[in-house]
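Residue-level structural notes
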Amino acid sequence: METDGSSSAPVQFGPQELPPMPWFGMDIGGTLSKLVYFEPLDTSNTEEETTSNIRKYLTNNLAYGDSGHRDEDKQMGEIIIRNRRGRLHFIRFPTTQMSQFIDLAKEKGMANTLSTVCATGGGAYKFEKDFLRELNMQLHKFDELDSLMSGLQFIEENNPKEMYYWENPGDDQMARTVSYDFTDPYPYMLVNIGSGVSILAVKSPKDYSRVSGTSLGGGTFLGLSRLLTGCSTFEEALELASRGENRNVDKLVKDIYGGDYSRFGLPGDIVASSFGQMNLNERISEARKEDLAKATLMMITNNIGSIARLCCRGEGIDRVVFVGNFLRINTVAMKSLATAMEFWSGGSMKALFCEHEGYFGAVGCLLELMKTN
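About the thresholds
For every chain, the first residue of the written sequence is number 1, and numbering continues from 1 along that sequence. Local features in this predicted model are restricted to residues whose pLDDT is 70 or higher, and side-chain atom pairs enter the listing and the counts only when it is 80 or higher, whereas totals over whole chains, interfaces and linings include all residues. The basis for the side-chain values is all heavy atoms of the structure; hydrogens and waters are excluded. Should DSSP find at least two bridges between two strands, the strands are regarded as paired. Counting from the N terminus, the helices are DSSP H or I runs at least four residues long and the strands are E runs at least two residues long. A fitted line through C-alpha atoms represents every axis, and for helices the fit uses only the stretch in contact; the resulting angles, taken between N-to-C directions, go from 0 to 180 degrees. The rule is short: rings of Phe, Tyr and Trp, with Trp giving its six-membered ring, pair when the centres are within 6.5 Å, and they are stacked under 30 degrees, edge-to-face over 60, tilted in between. The rule is simple: take the accessible area with a 1.4 Å probe, protein chains only, and divide by the maximum for that residue type; under 20% is buried, over 50% is exposed, in between is partly exposed. Disulfides are defined as pairs of cysteine sulfur atoms found within 2.5 Å of each other. In what follows, a contact means two residues having at least one pair of non-hydrogen atoms within 4.5 Å. Expected helix span is computed as 1.5 Å times (number of residues minus one). Along the arc lie the directions from the helix axis toward the C-beta atoms. Whenever a carboxyl oxygen of Asp or Glu lies within 4 Å of a side-chain nitrogen of Lys or Arg, that contact is scored as a salt bridge. Within a predicted model, pLDDT stands for the predictor's per-residue confidence, ranging from 0 to 100.

**Examining the sheet that holds strand β9 (residues 163-167)**
Sheet architecture is open: seven strands sit in the order β10-β9-β17-β16-β11-β12-β13, paired in mixed fashion. Each having just a single partner strand, β10 (176-179) and β13 (208-214) make up the two edges of the open sheet. Averaged over all pairs of adjacent strands, the angle between their axes in this sheet comes to 30°, without regard to strand direction. With two bridges connecting them, strand β16 (residues 320-323) and strand β17 (residues 351-354) associate as parallel partners. By the bridge assignment for β17, Val 320 is matched with Ala 351.

Set out below in structure tokens:
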């Protein structure tokens, strides 16, 4: 916001071609939808009239309907986007609740408000007609990986404490997070863990490519956990896993060798076969729901960590960043990934994580629209 210092001087809001308020960015994934709302702090009277109801509803609540939640701890203030000053609010809800989300948006007057909604992810195409039919709203669609990279760069530049790593991840008593200076990041490997997993080699802000991935991701963890334990939500699955012991389900190296496999430097306590104990009837009867959830979580994270490490070796990169909503409140998975990366690299690599782990795509697609305008 710029003025000439006079109290009567008009506020200059930025380029005339900017899209109308309110601004939203959405990343509609296979399991979870992420919504970012830009709340302007320098509104004109006209904008205030058209956006005040939506603004009050979104910023005065932490829950929306039965399953929508605003992550207040991730809110970012004093953000500048194309000369507009404001706050970023971060909201999530299960993609299975999209029809309820659209109904709620309709109830709150979104269909009668000229707003800008940018979208990325597969759901931007899957639900495009629903938004147009129910809300008379055209989604501005953008590439998923371009949005991811744009959002990550923007948030990292505006939040000096965005990046961190786990110190002593294998020790529950000593483990703690430590901020990481990401001012000179390139090259690095970016591992995006959503329903599935995509792995990108990032050489510069504009030079990045998808080098690998796996279908075993957050969607796999939740699906298997529901089948094996009867839980209903991601949060319930994580709560079970936090109380479980995967060695009651997995077969370890020491179960096969009686101890360490020293020739190849394999400690006896690492997993040799996920769910390997479940081929014995007596072990099946002893396994608790908590153990099954923990083993499922370890299987997914071990697989992701192994593939990420191989990609780093193949690309000659020694820095890896893990993002995605699979890591939200998932300290077990983060510690597991951190331990694995340190161990298999001989201590030369640290797994890096982000405060806004799953929202980069939603932020990035909003920024992509600003570029096109």
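**Examining the packing of aromatic side chains**
For the structure shown, the criterion picks out 18 aromatic pairs. Residues Tyr 164 and Phe 353 carry aromatic rings whose centres are separated by 6.1 Å and whose planes lie at 35° to one another, so their mutual orientation is tilted. Of this pair, Tyr 164 sits in strand β9 while Phe 353 is found in strand β17, placing the two residues 189 residues apart along the sequence. On the accessibility criterion, Tyr 164 (10% relative accessible area) is buried. By relative accessible area, which is 0% here, Phe 353 ends up buried.

**Quick notes on the state of the cysteines**
Summed over all chains, the structure comprises zero disulfides. Of all cysteine sulfurs in the structure, the one in Cys 312 sits closest to Cys 311, which takes part in no disulfide; the separation is 7.1 Å. Residue classification places Cys 311 among the buried residues on the basis of a relative accessible area of 11%. Free of any disulfide, Cys 354 has its nearest cysteine sulfur in Cys 312, 15 Å distant.

**Some details on the pairing of β13**
Here strand β12 (residues 197-202) pairs with β13 via six bridges, running antiparallel. Its bridge partner being in β13, Val 197 is matched across the sheet by Thr 214. Between β12 and β13, which pair antiparallel in sequence order, lie five residues.

**Focus: the environment of Arg 176**
For Arg 176, the position within the fold is in strand β10. On the basis of relative accessible area, Arg 176 is assigned to the partly exposed category, the value being 44%. In sequence terms Arg 176 and Gly 218 are 42 residues apart; their C-alpha atoms lie 24 Å from each other. If we ignore the near neighbours within four places in the chain, the residues touching Arg 176 are Tyr 165, Trp 166 and Glu 167.

**A word on helix α11 (residues 331-344)**
Between its first and last C-alpha, α11 extends 20 Å over 14 residues, near the 20 Å set by a 1.5 Å rise per residue. For α11, the secondary structure elements touched by its buried residues are β9, β11 (188-193), α10 (289-315), β16 and β17. Gly 346 sits one or two residues past α11 and shows a positive phi near 65°.

**Considering helix α2 (residues 98-107)**
Considered for burial, the residues of α2 that qualify are Met 98, Ile 102, Leu 104 and Ala 105. Taken around the axis of α2, the buried residues stretch over an arc of 160°, which confines them to a single face. Immediately beyond the C-terminal end of α2, within one or two residues, lies Gly 109, with a positive phi of roughly 90°.

**Here we look at the pattern of salt bridges**
What the rule picks out here adds up to 24 salt bridges. Between Arg 87 and Glu 39 there is a salt bridge; the shortest N-O distance is 3.1 Å. One end of the pair, Arg 87, is in strand β6 (residues 84-94); the other, Glu 39, is in strand β2 (residues 32-40), with 48 residues separating them in the sequence. A relative accessible area of 30% places Arg 87 in the partly exposed class. Glu 290 serves as the salt-bridge partner of Arg 288, at 4.0 Å between the closest nitrogen and oxygen.

**Here we look at the confidence of the model for the protein**
This prediction gives the protein a mean pLDDT of 90; 95% of its residues lie at or above 70. The least confident element of the protein, judged by mean pLDDT, is helix α1 (residues 45-59) at 83; the most confident is β16 at 98. A low-confidence stretch, residues 1-15 (pLDDT under 50), is modelled with 20 contacts involving residues beyond four sequence positions or located in other chains.

**Thoughts on the environment of Thr 220**
Within the secondary structure, Thr 220 sits in helix α6 (residues 218-229). Here Thr 220 falls in the buried class, since its relative accessible area comes to 17%. As a C-alpha pair, Thr 220 and Phe 154 span 66 residues in sequence and 30 Å in three-dimensional space.

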